[in-house]
Each structure stands twice: as structure tokens, then as C-alpha cells.
Amino acid sequence: MRITGRTRLAGIMGWPVSHSRSPALHNFWLGEYGIDGVYVPLPVRPEQLRQALRALPALGFRGCNLTIPHKEAALSIVDRVDPLARRIGAVNTVIVAPDGALEGRNTDAFGFRENLNDCAPDWDPAAGGAVVFGAGGAARAVVAALIEARVPEIRLVNRTIGRAEILARDLAVPHGRVSAHPWAARDALLDGAGLLVNTTSLGMTGAPELEIDLSQLPTDAVVVDIVYVPLNTPLLVAARQRGHRTVDGLGMLLHQGRPGFEAWFGTPARVTRELRAAVLTTLVAR
Ligand SMILES: NC(=O)c1ccc[n+]([C@@H]2O[C@H](COP(=O)([O-])OP(=O)(O)OC[C@H]3O[C@@H](n4cnc5c(N)ncnc54)[C@H](OP(=O)(O)O)[C@@H]3O)[C@@H](O)[C@H]2O)c1
């Protein structure tokens, strides 16, 4: 890699940030497209987020991604927030505009939808409702994507039902009917659904398993787990055994990077088998 005075700069701010796979993702694309650019991890303490974001234009950065714990705090720091990021309540991509202003976007909903299009192209949003487990940050992006796809009914199931109720209230729009349900009702709520999405951290390495009985889920329903460590979560394994089409979480992670990459480096990026293999190596290595 050759760094020159003209090298374009972007990165990811988080605290900690060493777990992030975004450097592997963006630097793969930079190499693939032969772009004079670099994408660096930026460990930024929460109390220094404002200072760090404000320094981006002065340092010549094109922008950055944000990860835990900065996504919500950035909403009140950037100069412009795109309406989807405002609705989701989190910014994961910051673009430095030509006038030096900071634009905040959220690309997780885009990543979720593009991954679903890629892995389950014949999934019909209008056929049956969707059941979403979880009501955290990721669920907000997933529900926003499902509303945009005009899924007729979305059943939100969360351990803390109040959080699901707030999400339903914040994101409900005329196209989508979003309802909140207690965690104990999850098995029965699968009846008649065309899509099941797990957005909880259950099933992730180090977290408890997601206990679920899939027997009421129609066999033509698509099952998505956005957890990507491990890639084959127990939910996906159980769903495949019942004959469901399944979608893992790595593709969402890869697709969410595309809009930022294009804005910073001026070239559209593609999610390929080679990219998936390269990022997968970083998941296995840790
Ligand atoms: N593939 C991707 O690109 C992508 C993107 C973002 C996130 N993710 C993954 O998505 C998962 C959630 O991320 P997040 O940012 O939404 O986290 P979060 O805001 O902390 O939300 C965690 C969710 O998991 C639920 N949960 C945690 N422990 C539980 C338990 N023991 N029983 C039942 N529910 C439990 C929480 O319920 P309560 O509300 O009751 O606490 C909440 O709904 C993580 O595994 C993350 O790695 C993947």
C-alpha cells in the first residue's frame, strides 16, 4: 500500500473499535478498485466524539462510519441528518459535504434489504407478515426497511415489551402495521408469517441460545438471523432442517458499507463472493 498526499481518507469511530470488520471490508474494496485511499479504525472515547467528528473536515477525511457507542450521540452533533437516520434514531455513516458540513445517514436498513434481495430474491414482502425478534438498535433499522418494503404486518417481539412498544410507536407509518408483543408469545406469533428476523443478540458467541419452536412457521417463510458470529447460528441451522430459506447476517454487514464507500471514494462497491470470503476470514481469525 502506498500512502500519498492525495490518499483519500475514511475510517470508523468506536470505543472500543478493534472488533470492527469495516476496515477489512473497505480496504478490500479500495484494493479491488485500485483506489488511492485508506480506511482506518479510530478509537474515540464517547466524551470526545464531538471533537473527533468536527475534526474530520480539517484533517481531510471524506467521512467515517460510527459503531458502538456513538451511533445515537452523533444525531445531535452532525449538521444534517437524513430522514431515515432520524426515524431510526441512529447515524452509522458520516459524509463530509463539499462545504465542510457533516451529513449523517443510516445505511443499516439498506444493508438489510439488499442482503435479503441477494439471498432470497423471490421473497414477496406482500405475502404474509413479518415477525421481528428484538427491539434494539438493529431492530429499528430492520423494521424501517420492512416498512419501506411495504410489508403489510410486522409483529415485534421483545423481552422488554416497553422497548418494542416505543419502536412500534416511533416507526409506524401508514404503509405498515407494527405491533408489539411479549417475549413469551414468540412461538405462536410465527403462525402465518412469511418472514422471521432475529435481531436480538441471542445465538451470538458468548450469549445464550435463542430458544424457539418453529413448528408454527409456514415452511415457505424466509428466516434471517442478523447475528454473524457465528455465521451459522442455531436458529439458521434449525430453520434449514425444516426446509426454510435462510439468510445469515454477514451480507447485511457488507451491504451497509456500500453507500458510504461510494460517497467517500467515488466508486460504487459490489458485494462479491471474494469479498465475503475475505471478511469471513476475519470472523474466523478472532
Ligand atoms: N449483520 C449486521 O450488519 C448487524 C448490524 C447490527 C447489529 N447486528 C447484530 O444484532 C444483534 C443486536 O444488536 P443491537 O445493536 O440491536 O443490540 P441492542 O440494541 O443491545 O439490542 C439487543 C436486543 O437483544 C435482546 N436481548 C438481549 N439479551 C436477551 C435475552 N437474554 N433474552 C431475550 N432478548 C435478549 C434485547 O432485548 P431487551 O430490549 O429486552 O434488552 C434487545 O432487543 C447483535 O448480535 C449485533 O452483532 C448485526
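In this text, all values refer to a predicted model and were calculated from it rather than measured experimentally. (Residues numbered from 1 in each chain as written. Predicted model: local features only at pLDDT ≥ 70, side-chain atom pairs only at ≥ 80, totals over all residues. Heavy atoms only, no water.)

**A word on helix H1 (residues 22-32)**
Of all the residues in H1, the buried ones are Ser 22, Pro 23, Leu 25, His 26, Trp 29 and Leu 30. Seen along its axis, H1 keeps its buried residues to an arc of 165 degrees; they face one direction. Gly 34, located one to two residues past H1, shows a positive phi value of around 60 degrees. (Buried < 20%, exposed > 50% of the residue type's maximum accessible area, 1.4 Å probe, protein only. Helix = DSSP H or I, 4+ residues; strand = E, 2+ residues; numbered from the N terminus. Arc of directions from axis to C-beta.)

**Overview of the pattern of salt bridges**
Pairing is possible between side chains of opposite charge, provided their charged atoms come close. Evaluation of the coordinates by the stated rule reveals eleven salt bridges. A salt bridge links Glu 103 to Arg 80, with the shortest nitrogen-to-oxygen separation between them at 3.2 Å. You can see Glu 103 sitting in strand E6 (residues 102-105) and its partner Arg 80 sitting in strand E4 (residues 80-81), a full 23 residues away along the chain. Using a relative accessible area of 38% as the deciding quantity, one classes Arg 80 as partly exposed. (Salt bridge = Lys/Arg side-chain N within 4 Å of Asp/Glu carboxyl O.)

**Things to note about the side chain of Thr 199**
Mapped onto the secondary structure, Thr 199 falls in the loop between strand E10 (193-198) and strand E11 (222-225). Its relative accessible area of 11% is what places Thr 199 among the buried residues. A polar atom in the side chain of Thr 199 sits 2.7 Å from the backbone oxygen of Phe 133. In this structure, Thr 199 is in contact with Val 132, Phe 133, Gly 134, Ala 135, Ala 138, Ala 139, Val 142 and Ile 226, ignoring residues within four places of it in sequence. (Polar contact = N/O pair within 3.5 Å; in protein donor to acceptor, adjacent residues only side chain to side chain. Contact = heavy atoms within 4.5 Å.)

**Side note on the domain arrangement of the protein chain**
If you check the domain split of the protein chain, you get domain 1 (8-106 + 251-285) and domain 2 (109-248). For domain 1 and domain 2, the distance between their C-alpha centres works out to 25 Å. Facing 15 residues of domain 1, the contacting portion of domain 2 comprises 17 residues. Roughly 1600 Å² is buried in total at the junction of domain 1 and domain 2, and carbon and sulfur atoms are behind 63% of that figure. Summed over the three residues of domain 1 that lose the most area to domain 2, namely Arg 87, Ile 88 and Met 252, the buried surface amounts to 41% of that side. (Domains from an automatic or database assignment. Buried area = accessible area lost by both parts, 1.4 Å probe.)

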